[in-house]
Structure formats: C-alpha cells, structure tokens
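A structural walkthrough
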Amino acid sequence: MPQLASTPTPFTLHVEDRVLDDLRERLARTRWPDEAPGAPWSTGSSVAYMKALAEYWHTGFDWRAQEAGLNRFRQFKVPLAGIELHFIHEPGRGPAPLPLLLSHGWPGSVFEFRRLIPMLTDPARFGGDPADAFTVVAPSLPGFTLLFQPGQARFGVEEMADAFAALMTDVLGYPRFATQGGDWGSFVASRLGYSHPERVIGIHLNLLAVRRDPQMLRDPTDEERLFLAELKHFLKEETGYQWIQGTKPQTLAFGLNDSPAGLAAWIVEKFRSWTDNDGDPAGAVPHVVSNSATQLALQRLDAVEQTAELLSEGGDAVLHARRHLGVAALVKNAVAHQLGQPFVEDLLRQAVDAVLKRAGATDAAAHRADHRQRPFAAHDVLDHACHGRGGRRVAAVGGRG
C-alpha cells in the first residue's frame, strides 16, 4: 500500500438563503426574447419551453431537496495538484468491491450520478449479486460546479487525469481501479488508460472520441454515407457553442452569469440535442435545473472558460489516449444503431490493436483470432485491456466478470 497523501476533509453542500433569494428574483425579472421565425428549437432553445421551465425553477423546483439528496453521499475535499479537489467516495457492499472512478462532463456535474451510485455500490439492494459491488469515487471536474475557486489553475485533460490518478492511489490508497467517463469524462478516462496503465484495470466510455473528418472514408458504403451525412449536419448545425466557448468564453460568461434563464437556455438546448427524447427534454429537466442551479448558486460560470481550456487543449491529448476501453451504445446513437456493425467493429479493432501493442503484443491479429467467429463487443476490448495485467475484467459499468 503506497504512503497516503493529504487527508480528505468531509464536505457538506449548503447554499446560503440569500443566494437562493437572489436567484428567484433574477428568474422573476427575466426579459424574454421574441421567438424566431420557423419551427421551435430550429434556431436554439424554444421561448415557450424556456418560459415554462423558468416558471418551474422559480416556483416548483426544490433546491434544498436536491442539496439533501447529494449530501446523502460521503463527500470530501482534499488539497491536490494546487486545488481543493471535491469528490464523492461511497464504499461498496460486497465481498471485494472494485474501486471505480466516475467522471462527468459538461454541462454536467456529480448530480448526474445520484441514481447510479447506489446501484453500483449495493447491487444486492436492487436484486443483483453482492460480488458485483463497486466502491465509487466521483470527483467534480476541476473548474466545474463544486470544484472551482476564483484564480485557480485551469486544467486540461492531461492535468485532470493525473489529478484523478493521484486521488485514487495516493490519497485513497487504491493501487488499481476501473474508470468510467461520459462527455469530457470519456476523454479523461481515455487519458487515464494511456498515461497510467499500471493503475487502470479497464475503462468504460459512453462517448467514443473518433475523427470528425467528412473525408475520412474514400469509398463509403450506404451505411457509412448515412454516418457522413449526419456528421456533416452535426458539424454545420451543432458546433456553434464550441466555437464561442473555445474562443471568447469570457464574453459569453457575462450573460450566463447574470441570467439564470440565459444559462438554462444554453444548457437545455444541449440536453435536448444530446439525450434520447422525442423532442421534449423533460426527462433531462431535473439535471438541467440542478446543474444550472449549482453553477449559479456557487457562482461557477467560469466553467464556461474552463470548457474553453478543454476545447483548445484537450483534443491533442486524446489523440494518443485511445487505449483499453468498452463502449456503451445509446438508444439513438447513429453509429451503433444506423451505421451498421462493420464500421463500429473497425473502430473497436483499432482500439484493441492499440491496447495489444501497448501490452507488448507483436501480432495483434493473432491475439484476437479467437474473436473472429462471433460478434465483436465492448467487453472483448476490456478482455484485452486486462490481458496480462492480472486484473478482473470490467464488462460494463453495472457489473464485471
């Protein structure tokens, strides 16, 4: 067991009443724009939808209940890498819980894990096997929501991965662990697998960082043409936020920090685009309001600037980070459900080959020969990720083999 670093200090989230009063007053004074011509949502967040959401936030949303829900988990802060790192640390209930690091993304927070954590730490409570229990560590991304102080250093993907590795091993004493990431968390998890392979048993991603080059396929199949058409649409219509956040985030921060409705509109439009829904992001609304309320209540709108650091610096870091991984195919994921299996298999095989080469294999194709007669799956990738490392395979976030 390595020598432990700084001792974590217990943390309880409590936002002062005066901050919540100010938030409600700002919501009540919202100056609404006109609805642009065309179909609602075609040029951004729907005005009618935002009015209803703001009214709910003003009169129906119970911040104290959300706060209490988060405070049911064991939360801590610890001095690490020049910042006060905030994290949840929930021990698993089973014979040998596997340490699991969860990394959120933007525009998210650890609020997103509230339903998931009990299922991971205590599977028997939900009808599962106690042998599948995980001990969960869920840090806030440096620079976001619960982990920002004015003037603190901005972290890129590499710095986040190094800080989380130090948290898991040097602070908490876990020499080896698994990690899961979504959105920017998937970049951090990928970087962890690359830069700290001796510690990482395997990684699970629900966002796979692949090239976004419309010219990458010279002779595309019909399925690949569908993918390229959706990619071109995304690059043309869905990347505006990246350009402003990646170039002039400070200008944007003035409006979002002053207007709760403005911040919610900025975030809810992303939830509508990025979640499985039928045009109404109502299922994501609790997260939208909780994340927006957390950022405003804690005056953490510098998260927009922090996102700029990631957009400008993080990409190159992950080009070399596609190592041992599993991939979750979501319901409306075009790659998994419309593009077809061959293209996905090719992406995964490239990832496996990278894993095997890093593990010292000279003939990657021979090492995966036993997989040729059956469908290629995410758990195959993790099998190879753990090959020769003496670790247990993480089949998915919800269980392991």
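Residues numbered from 1 in each chain as written. Predicted model: local features only at pLDDT ≥ 70, side-chain atom pairs only at ≥ 80, totals over all residues. Heavy atoms only, no water.

1. Regarding the overall build of the chain
When its secondary structure is counted, the chain shows 16 helices and eight strands. In the chain, buried positions account for 50% of the 401 residues. The long-range fraction of contacts in the chain, counting pairs at least 24 apart against all pairs at least 6 apart in sequence, stands at 74%. Roughly 18800 Å² of accessible area belongs to the chain as shown, and the carbon and sulfur atoms make up 51% of that amount. (Helix = DSSP H or I, 4+ residues; strand = E, 2+ residues; numbered from the N terminus. Buried < 20%, exposed > 50% of the residue type's maximum accessible area, 1.4 Å probe, protein only. Contact = heavy atoms within 4.5 Å. Areas by Shrake-Rupley, 256 points an atom, 1.4 Å probe, with all protein chains shown as cover.)

2. Points about the pattern of salt bridges
Counted under the stated rule, the structure contains eleven salt bridges. With a closest N to O distance of 2.8 Å, Asp222 and Arg225 form a salt bridge. Highlighted residues: Asp222 and Arg225, both in helix 7 (residues 222-237), separated by three residues, approximately one helical turn. For Arg225, a relative accessible area of 44% corresponds to the partly exposed category. (Salt bridge = Lys/Arg side-chain N within 4 Å of Asp/Glu carboxyl O.)

3. As for helix 5 (residues 157-171)
Look at helix 5: 20 Å from first C-alpha to last across 15 residues, which is about the 21 Å you get at 1.5 Å a residue. Most of helix 5 sits inside the fold, with eleven of its 15 residues counted as buried. Backbone geometry just after helix 5 places Gly173 at a positive phi near 85 degrees. (Expected span 1.5 Å × (residues − 1).)

4. Focus: the nonpolar core
Ranked by internal contacts, the top residues of the largest apolar core, which has 35 residues, are Val137, Leu167, Leu172 and Leu192. Residue assignment for this core shows that the elements contributing at least two residues are strand 2 (75-80), strand 3 (83-90), helix 5, helix 6 (184-195) and strand 7 (200-205). Element by element, the count of residues in this core is highest for helix 5, at ten residues. With residues near it in sequence (within four places) discarded, Leu192 still touches Leu101, Ala161, Ala165, Phe177, Thr179, Pro197 and Val200. Ranked by size, the runner-up nonpolar core spans 33 residues in total, among them Ala54, Phe61, Trp63 and Leu146. (Core = buried A, V, L, I, M, F, W, Y, C linked by side-chain atoms within 4.5 Å.)

5. As for helix 10 (residues 260-274)
Its 15 residues place the ends of helix 10 21 Å apart at the C-alpha level, agreeing with the 21 Å of an ideal helix rising 1.5 Å per residue. What helix 10 keeps buried is the set Pro260, Ala261, Leu263, Ala264, Ile267, Val268, Glu269, Lys270 and Phe271.

6. Observations regarding the side chain of Thr121
Relative to the elements of secondary structure, Thr121 occurs in helix 4 (residues 116-121). Given the relative accessible area of 8%, Thr121 is considered buried. Of the polar contacts made by the side chain of Thr121, one reaches the backbone oxygen of Pro118; its length is 3.5 Å. With near-sequence residues (within four places) excluded, Thr121 lies in contact with Glu90, Pro91, Gly92, Arg93, Ala133, Phe134 and Val136. (Polar contact = N/O pair within 3.5 Å; in protein donor to acceptor, adjacent residues only side chain to side chain.)

7. Structural notes on the packing of aromatic side chains
One pass over the full model with this rule turns up eight aromatic pairs. For the ring pair Tyr241 and Trp274, a centre distance of 5.5 Å and an interplane angle of 65 degrees mean the geometry is edge-to-face. Note that Tyr241 is positioned in helix 8 (residues 240-247) and Trp274 in helix 10, a separation of 33 residues in sequence. A relative accessible area of 33% places Trp274 in the partly exposed class. Clustering of aromatic rings is evident, with ring pairs tying together Trp106, Tyr241 and Trp274. (Phe/Tyr/Trp six-rings, centres within 6.5 Å; stacked < 30°, edge-to-face > 60°.)

8. Section: the packing of helix 2 (residues 47-60) against helix 10
Contact pair helix 2 / helix 10: the axes reach a minimum separation of 10 Å and the direction vectors enclose 120 degrees. Judged on the interaxial angle alone, helix 10 and helix 2 are oblique. At the point where helix 2 passes helix 10, the crossing takes the right-handed sense. Here Tyr49, Met50, Leu53 and Trp57 of helix 2 come into contact with helix 10, specifically with Pro260, Ala261, Ala264, Ala265 and Val268. Of the residues assigned to the contact of helix 2 with helix 10, the class counts are nine nonpolar, no polar and no charged. (Axes fitted to C-alpha atoms, helices over the stretch in contact; angles between N-to-C directions. Parallel < 35°, antiparallel > 145°, perpendicular 65-115°, else oblique. Left-handed = near helix turned anticlockwise from the far one by under 90°. Nonpolar A, V, L, I, M, F, W, Y, C, P; charged D, E, K, R; others polar.)

9. Considerations on unusual backbone geometry
In this structure, Pro107 follows Trp106 across a cis peptide bond, with omega equal to 5 degrees. As for its placement among the helices and strands, Pro107 is situated in the loop between strand 4 (98-103) and helix 4. At Trp41, a residue that is not glycine, the phi angle is positive and equals roughly 80 degrees. For Trp41, the position within the fold is in the loop between helix 1 (17-28) and helix 2. By relative accessible area, which is 16% here, Trp41 ends up buried. In the Ramachandran plot, Ala81 falls in the positive-phi region, its phi being about 55 degrees despite a non-glycine side chain. Assessed through its relative accessible area of 52%, Ala81 is described here as exposed.

10. Quick notes on the confidence of the model for the chain
Here the chain averages 76 in pLDDT, and 69% of its residues register 70 or above. The least confident element of the chain is helix 16 (residues 378-386), whose mean pLDDT is 33; the most confident is strand 5 (residues 134-139), at 97. Confidence over residues 299-326 falls short of pLDDT 50; this stretch has 94 contacts with residues more than four positions distant or in other chains. (pLDDT = per-residue confidence, 0-100.)

11. As for the side chain of Glu67
By the secondary structure assignment, Glu67 is in helix 3 (residues 63-71). Residue Glu67 is classed as buried on the basis of its relative accessible area, which comes to 5%. Among the polar contacts made by the side chain of Glu67, one reaches the main-chain amide nitrogen of Val15 at a distance of 2.8 Å. Setting aside anything within four residues of it in sequence, one finds Glu67 in contact with Leu13, His14 and Val15.

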